[in-house]
Amino acid sequence: HNLRYLRSLFDARHTHSLDLHDLKLLRMPPEVLELGWSLLALYLNNNELTTLPICVEEMSCLQTLHLHHNRITRLPPTVGLCLTELTDLDITFNEMTRLPLEFGNLKKLKRFEVGNNPWDMIADETVGQGTKSLIRFLQAVKESIHGILDVQDMA
């Protein structure tokens, strides 16, 4: 595993794609963040991750992020705020119950896979309706919360 890890890091400088699947990673290695803005694709699927560091915001050019088959319970809002170039996001087969509403900002997503998580906030039928429906759902929830907050501020 160690040799494949080092080879992947070396290759990523040229291919702008980093494949670290099936390495039993418990957290995202700091070397990944050093590649930062130059990465276009990051594959961290089939590991033991429980979250991502907040500083993923530095990967602002990322277009593909695969996190499926981990143990992720939450993702930082910075993913939705700063990774706005994402077109492919796969978070299936994790342990997530909620999504940051900021994910509604990911308007370039063409593929947004969220199935096989124990969602509290998303109905199964919404999960099955596809990317655009998920984004609209997150935007609607965010707008309704802001509306409630605005009314409370007036009182």
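Residues numbered from 1 in each chain as written. Predicted model: local features only at pLDDT ≥ 70, side-chain atom pairs only at ≥ 80, totals over all residues. Heavy atoms only, no water.

Caption draft 1: Representation of the overall build of the protein chain. The number of helices and strands found in the protein chain is five helices and five strands. Counted from the first residue to the last, the protein chain has its helices and strands arranged as α-β-α-β-β-α-β-β-α-α. The C-alpha radius of gyration of the protein chain comes to 16 Å, within 12% of the 15 Å expected for a compact globule of 155 residues. The C-alpha extent of the protein chain, read off along each of the three principal axes, is 60 × 30 × 25 Å. Relative to its 155 residues, the protein chain shows a buried fraction of 44%. Counted over contacts in the protein chain with a minimum sequence separation of 6, partners at least 24 positions apart contribute 36%. (Helix = DSSP H or I, 4+ residues; strand = E, 2+ residues; numbered from the N terminus. Rg over C-alpha atoms; globule rule 2.2 N^0.38 Å. Buried < 20%, exposed > 50% of the residue type's maximum accessible area, 1.4 Å probe, protein only. Contact = heavy atoms within 4.5 Å.)

Caption draft 2: Here's a closer look at the pattern of salt bridges. Counted by the stated rule, this structure contains five salt bridges. The closest approach of N and O atoms between Arg7 and Asp11, which form a salt bridge, is 3.5 Å. Here the residue Arg7 and the residue Asp11 both occupy positions in helix H1 (residues 2-15), the gap between them amounting to four residues, near one helical turn. Judged by relative accessible area, Asp11 falls into the partly exposed class, the value being 26%. Note that Asp90 is salt-bridged to Arg111, the shortest N-O span being 3.0 Å. (Salt bridge = Lys/Arg side-chain N within 4 Å of Asp/Glu carboxyl O.)

Caption draft 3: Local environment of the side chain of Asn117. Looking at the element boundaries, Asn117 is found in the loop between strand S5 (111-113) and helix H4 (124-127). Separated by 2.9 Å, the side chain of Asn117 and the backbone oxygen of Ile91 make a polar contact. Of note is the side chain of Asn117, whose polar atom sits 3.3 Å from the backbone nitrogen of Glu95. Leave out the neighbours within four places in its chain, and Asn117 touches Ile91, Thr92, Phe93, Asn94, Glu95 and Met96. (Polar contact = N/O pair within 3.5 Å; in protein donor to acceptor, adjacent residues only side chain to side chain.)

Caption draft 4: Main features of the sheet that holds S5. In space, the five strands of this open sheet follow the order S1-S2-S3-S4-S5, with parallel pairing throughout. On the outer flanks of this sheet lie strand S1 (17-19) and S5, each paired with one strand and no other. Ignoring which end each strand starts from, the neighbouring axes of this sheet average 5° apart. In the sheet, S1 pairs with strand S2 (residues 41-43) via three bridges, with the strands oriented parallel. Across the sheet, residue Ser17 finds its bridge partner in S2, namely Ala41. (Pairing = 2+ DSSP bridges. Axes fitted to C-alpha atoms, helices over the stretch in contact; angles between N-to-C directions.)

Caption draft 5: How the structure looks around the packing of aromatic side chains. According to the stated counting rule, one finds one aromatic pair in the structure shown. Ring geometry for Phe103 versus Phe112: centroids 6.4 Å apart, planes at 40°, classification tilted. Considered together, Phe103 and Phe112 belong to a single accessibility category, that of buried residues. (Phe/Tyr/Trp six-rings, centres within 6.5 Å; stacked < 30°, edge-to-face > 60°.)

Caption draft 6: Expanded view of H1. Taking 1.5 Å of rise per residue, the 14 residues of H1 would be expected to cover 20 Å, and the 20 Å separating its terminal C-alpha atoms lies within 8% of that figure. On its buried side, H1 packs onto S1 and helix H2 (30-35). Immediately beyond the C-terminal end of H1, within one or two residues, lies His16, with a positive phi of roughly 60°. (Expected span 1.5 Å × (residues − 1).)

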